[in-house]
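Overview (structure and organization)
If you want the building blocks of each chain, they are given just below.
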Amino acid sequence: MRGVNFFIGTVCLLVPLALFLTASGPSPVAENNSTNTTPYNFNLPYNLLPVQNPKDNPPTEEGVELGRKLFYDPVLSGNHKQSCAGCHKQELSFTDGLDYSIGALGKKARRNSMALVNLGWQDKYFWDGRARTLEDLVHFPITDSLEMNADYNQIPKQLNKDKNYVALFHKAFGVDTISMPYVAKALGQFLRTIVSFNAPFDIIYRDYVFYKGELQDEAREVTDLQLLHNAFDPSNEKKYGHDTALIQKIRAISPSSKVLNTFSVCLNCHYNSLQLFCIGCNGTIQPNALVQYQNNGLETVGKDKGLYQVTKKEEDKYLFKTPTLRNLVFTAPYMHDGRFKTLEEVVEHYNSGLQANQNLDSLLMDDKKAPLRFNLNAEEKRQLIGLLKLFSDSSLVTNSKFSAPTSR
Ligand code: HEC
Ligand code: HEC
């Protein structure tokens with residue numbers, strides 16, 4: 001029953017989290033000299049940990065707004081034809097609907113665009129983990145010839161010619177001349193504001209575990225798997241608050257024990273999809289957010305070696321970022337190469353198609369170290385997809401705070 005410990009397993013992640021919070025990352029240090037800024041308020045639900053902002057880049061209203069403007073501005077690409085948003089569209093939970101993204105020059109990028117959500121609690125980015133901070137990350141898409149294909153040194157020259165930008169950078173950071181570290185800071189601030197915690201799953205779970213705002217005794221006493229079962233048991237619906245539409249939704253899924261067990265295996269790897277607290281930790285709230293790089297048996301030998309390209313370690317071959325299960329209804333096609341067009345295909349992969357990759361994760365192996373077969377029938381697959389869809393938050397894709405600014 002390895003699959004049941006997805007909360008308890010988070011305890012051992014506290015040490016690396018503490019380390020990453022104190023490290024400022026490799027990006028050049030740029031001080032914020034502006035005195036007239038307003039701190040940005042994330043307004044998170046009560047049960048979440050604060051967003052982990054880098055010490056040298058505290059978010060402000062002005063910085064976030066500037067980051068949003070830059071995110072939607074093609075000035076960051078070499079030919080001024082593509083913005084970040086070109087490949088990260090809000091209506092698709094900031095993905096682009098393609099198997100491989102298309103860059104400013106019309107060429108295919110190497111991988112599938114990634115959903116941008118709840119990034120502020122993570123410590124590694126990209127399918128292969130090559131960026132450690134969001135401030136460090138932004139030069140990759142900007143300079144990649146298959147993506148925005150820009151000259152990093154030219155961009156500040158362009159921006160400094162624009163009086164509006166000069167004023168906005170001055171307001172946000174107190175600088176007179178725009179330079180790339182400030183572009184990166186503003187984008188980093190904006191990216192961290194893209195948070196999503198209003199999926200049906202959140203509402204059910206929040207109400208069940210923190211009924212009327214109080215952490216429930218049951219959350220301390222029963223095992224995590226039991227908690228998951230109870231939270232999704234329609235007979236506990238009185239704890240879902242008064243949202244009858246939601247109760248109907250869960251009733252309609254009515255997942256069997258086998259499906260809930262399968263789902264808890266999924267969450268063992270995809271735990272960054274959950275909310276950022278840990279219930280199995282003596283009632284205290286713990287971070288549950290660090291990302292993992294793993295192999296999920298897509299193929300025995302792949303073209304793309306994933307994390308290995310960064311670390312050159314044999315044990316990292318074919319490992320990819322375990323992505324969030326949030327907002328899957330918006331983010332097809334799936335996987336680093338966009339090979340699956342539907343959730344049905346994804347579930348069939350896990351159910352019957354796992355391949356014996358040399359680094360296939362042990363969670364997806366049976367006792368004889370062969371790729372696991374979940375053997376779900378059609379009804380069980382439907383239930384599993386129903387559970388996955390409970391993680392989709394439609395408020396994210398319409399929230400005007402993340403949309404293109406109206407005036408430019
Ligand atoms: C040509 C399409 C394209 C453009 C333009 C683009 N991206 Fe991306 N983005 C991608 C792809 C593809 C990936 C995955 C790349 C990889 O893992 O190698 C990605 C990954 C990311 C990630 C990592 C998410 C995670 O969960 O690890 C972030 C953050 C991101 N992009 C932000 C940006 C920002 C900010 C810009 C603008 C400066 C931008 N992107 C421009 C296609 C694009
Ligand atoms: C051993 C860890 C592990 C387990 C267990 C696991 N996954 Fe994954 N999952 C991954 C990794 C790693 C990826 C990315 C793989 C890639 O693109 O190469 C992934 C990708 C996905 C994606 C694609 C998301 C996207 O944005 O492209 C979905 C959907 C998914 N998994 C669902 C599930 C479901 C459902 C289960 C349970 C039946 C499950 N996973 C079990 C590690 C795991």
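Look up a bit, the structure's there.
Now for a quick tour of the structure. (Residues numbered from 1 in each chain as written. Chains lettered and ligands numbered in written order. Predicted model: local features only at pLDDT ≥ 70, side-chain atom pairs only at ≥ 80, totals over all residues.)

Points about the overall build of the chain
Let me state the cut-off plainly: Note on conventions: DSSP H or I runs of at least 4 residues are helices, E runs of at least 2 residues are strands, and numbering of each starts at the N terminus. Put plainly, a residue is buried at 20 or more neighbouring C-beta atoms within 10 Å of its own, exposed at 12 or fewer, and partly exposed in between, counting only other residues' C-beta atoms, which are placed from the backbone. Two residues form a contact once the distance between their C-beta atoms, set from the backbone, is within 7 Å.
Secondary structure assignment for the chain yields 16 helices and two strands. Taking all 408 residues of the chain together, the buried fraction comes to 40%. Within the chain, counting contacts between residues at least 6 apart in sequence, those at least 24 apart form 72% of the total.

Quick notes on the packing of helix 2 (residues 61–71) against helix 6 (residues 163–173)
As a reminder of what qualifies: Lines fitted to C-alpha atoms define the axes here, with helix axes fitted over just the stretch in contact, and angles between the N-to-C directions of these axes take values from 0 to 180 degrees. Left-handed is the label given to a crossing in which the near helix is rotated counterclockwise from the far helix by less than a right angle, and right-handed is the label when the rotation is clockwise. Polar here means any residue other than Ala, Val, Leu, Ile, Met, Phe, Trp, Tyr, Cys and Pro, which are nonpolar, and Asp, Glu, Lys and Arg, which are charged; Gly is therefore polar.
Between helix 2 and helix 6, the least distance of the axes is 8 Å, while the angle of their chain directions is 145 degrees. Of the two possible hands of crossing, helix 2 and helix 6 adopt the one that is left-handed. The residues of helix 6 that touch helix 2, namely those facing Glu62, Gly63 and Leu66, are Leu168, Phe169, Lys171 and Ala172. Tallied by class, residues from the contact of helix 2 with helix 6 come to four nonpolar, one polar and two charged.

Observations regarding helix 14 (residues 343–353)
Side chains that are three or four residues apart share a direction in an α-helix, a result of its 3.6 residues per turn. For clarity, the threshold we go by: Note that the arc is defined by the directions from the helix axis to the C-beta atoms.
Taken together, the buried positions of helix 14 are occupied by Val346, Val347 and Tyr350. In an axial view of helix 14, the angular spread of the buried residues amounts to 95 degrees, which keeps them on one side of the axis. Elements that come into contact with the buried residues of helix 14 comprise helix 15 (378–389).

What to know about helix 8 (residues 200–209)
Across the 10 residues of helix 8, nine count as buried, placing the element largely inside the fold. When helix 8 is considered as a whole, its buried residues turn out to be Pro200, Phe201, Asp202, Ile204, Tyr205, Arg206, Asp207, Tyr208 and Val209.

Some points on the site of ligand 2
This is how the line gets drawn: The rule is simple: place the C-beta atom from the backbone, and if it lies within 6 Å of a molecule or strand, the residue is near it.
Around ligand 2 there are 25 residues in total, and Cys266, Cys269, Tyr334, His336 and Asp361 lie nearest to it. When residues of the shell around ligand 2 are traced back to their parent elements, those giving at least two are helix 12 (257–269) and helix 14. If one sorts the elements of the shell around ligand 2 by residue count, helix 12 sits on top with five residues. Considering only residue class, the shell around ligand 2 consists of 16 nonpolar, eight polar and one charged.

Details of the nonpolar core
Filter applied, for reference: Remark: nonpolar core denotes a set of buried Ala, Val, Leu, Ile, Met, Phe, Trp, Tyr and Cys residues whose joining runs through C-beta atoms within 7 Å.
Grouped together as the largest cluster of nonpolar side chains are 42 residues, with contacts concentrated most on Leu116, Phe169, Ala186, Leu187 and Ile194. Mapped onto this core, the elements with two or more residues apiece are helix 2, helix 3 (134–137), helix 5 (154–160), helix 6 and helix 7 (180–193). Here this core takes seven residues from helix 7, the largest share from any one element. Sequence-distant contacts of Leu187, that is, excluding residues within four places in its chain, are made with Gly67, Leu70, Phe71 and Val138. Judged by nonpolar contacts, the second largest core, of 29 residues, contains Val259, Phe263, Val346 and Leu390.

Observations concerning the site of ligand 1
Taken together, the neighbourhood of ligand 1 is formed by 29 residues, with Cys84, Cys87, Tyr125, Trp127 and Pro141 sitting nearest. Class assignment for the residues of the shell around ligand 1 results in 18 nonpolar, six polar and five charged.

Some thoughts on the environment of Ser273
Looking at the secondary structure, you find Ser273 in the loop between helix 12 and strand 1 (293–294). For the pair Ser273 and Phe197, spaced 76 residues apart in the sequence, the C-alpha separation amounts to 9.9 Å. Residue contacts for Ser273: discarding those within four places in its chain leaves Leu267, Thr324, Leu325, Arg326 and Phe391.

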